[in-house]
Amino acid sequence: MAHKSKIRMSIGWIYPIGIFSSYILLLLEYQLRRMLLQNGNAVWGVPYITIILVALMFIVLGIVQWFRYRNWIYPVLGFLMGLTIIQVSFIFPDHDNPGIFGLTYFICFILIILFILINWNSLYSHERFEMNSRRLFRLASERIIRTDNGYTERPYSGGKAECTKDELLGFVRFLHGNYIIKPFYYEGYVCLSFSMNTSLIVIHEGKEVSHVMIGYDGSVTVKVSDKDYMDYREKLSFDQLCASLADIFTRFLEYYRKGLESRIMIELKSAK
């Protein structure tokens, strides 16, 4: 099976697909209504059906993203976008009297821009973290063909990595700076967290999501969350998946120790 087909599509892809489809439907409904009007049919020229459907799409997607990512930004943004789109009907040339709703449309539009600008860092960080987490899981599943066992709650011991404490901390800073993991520092180890589901922006403990713990003695422990595991289209061998993730981080650490940081990014980006 092709590697890229092992993981389900991200919710983020629904937005461009939905927006493009909505634009086509909007034009079709608008032209259809104009044709009916020209033929003497008593219909409104404004494409209300498409407008309402698109508004509901953004509101529902915002709610879905809240349940998936636990990040309040998405339902608020979805509500603002839905509310703004509903008011689009009042600025159509076929609408006789936009009244105050014409003004509120532009106010809501400005609020969306301000909201995105204020929360840009969180939005950008979440998208980068999720994108790289998906790359990690794709890379980890690349050579797995067994489906003999499913998910288990237990952590997986991934052996040991050769490094000093300073090398490990430098490696963690590099991964965090490139939005590959979010680190959590503990007395005897560092927890490198990543997730295709829960937003890393809102978590308070590294063990809330999938993570790799690397001790200052070099010990490596892997834990994959059930939500991330369920994103695979097939039931992969859980032990092989954890072992593969351990190998990836151990290999990336070795690249870093040798000054080959660019190889980490090249290898990660190759997992499409």
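Anything mentioned here points back to the structure above.
What counts, and at which threshold
- Residues numbered from 1 in each chain as written.
- Predicted model: local features only at pLDDT ≥ 70, side-chain atom pairs only at ≥ 80, totals over all residues.
- Heavy atoms only, no water.
- Helix = DSSP H or I, 4+ residues; strand = E, 2+ residues; numbered from the N terminus.
- Polar contact = N/O pair within 3.5 Å; in protein donor to acceptor, adjacent residues only side chain to side chain.
- Buried < 20%, exposed > 50% of the residue type's maximum accessible area, 1.4 Å probe, protein only.
- Pairing = 2+ DSSP bridges.
- Axes fitted to C-alpha atoms, helices over the stretch in contact; angles between N-to-C directions.
- Contact = heavy atoms within 4.5 Å.

1. Topic: the side chain of Arg-135
Positionally, Arg-135 belongs in helix H5 (residues 120–141). One polar contact links Arg-135 to Asn-132, side chain to side chain, over a distance of 3.2 Å.

2. Digging into the environment of Arg-263
As for its placement among the helices and strands, Arg-263 is situated in helix H9 (residues 261–269). Since its relative accessible area comes to 42%, Arg-263 is described here as partly exposed. In this structure the C-alpha to C-alpha distance between Arg-263 and Phe-252, which are eleven residues apart in sequence, comes to 8.2 Å.

3. Some thoughts on the sheet that holds strand S5 (residues 219–223)
Taken in spatial order, the five strands line up as S1-S5-S4-S3-S2 in an open sheet, and their pairing is antiparallel. Edge strands, defined here as strands with exactly one partner in the open sheet, are strand S1 (156–160) and strand S2 (182–185). Neighbouring strand axes in the sheet, compared pairwise and without regard to direction, differ in orientation by 20° on average. Judged from the five bridges that link them, strand S3 (residues 189–193) and strand S4 (residues 211–215) form a sheet pairing that is antiparallel. Across the sheet, Cys-191 pairs through a bridge with Met-213, a residue of S4. Packed onto the sheet, helix H8 (residues 238–257) meets S1, S3, S4 and S5 and runs at close to 135° relative to S5.

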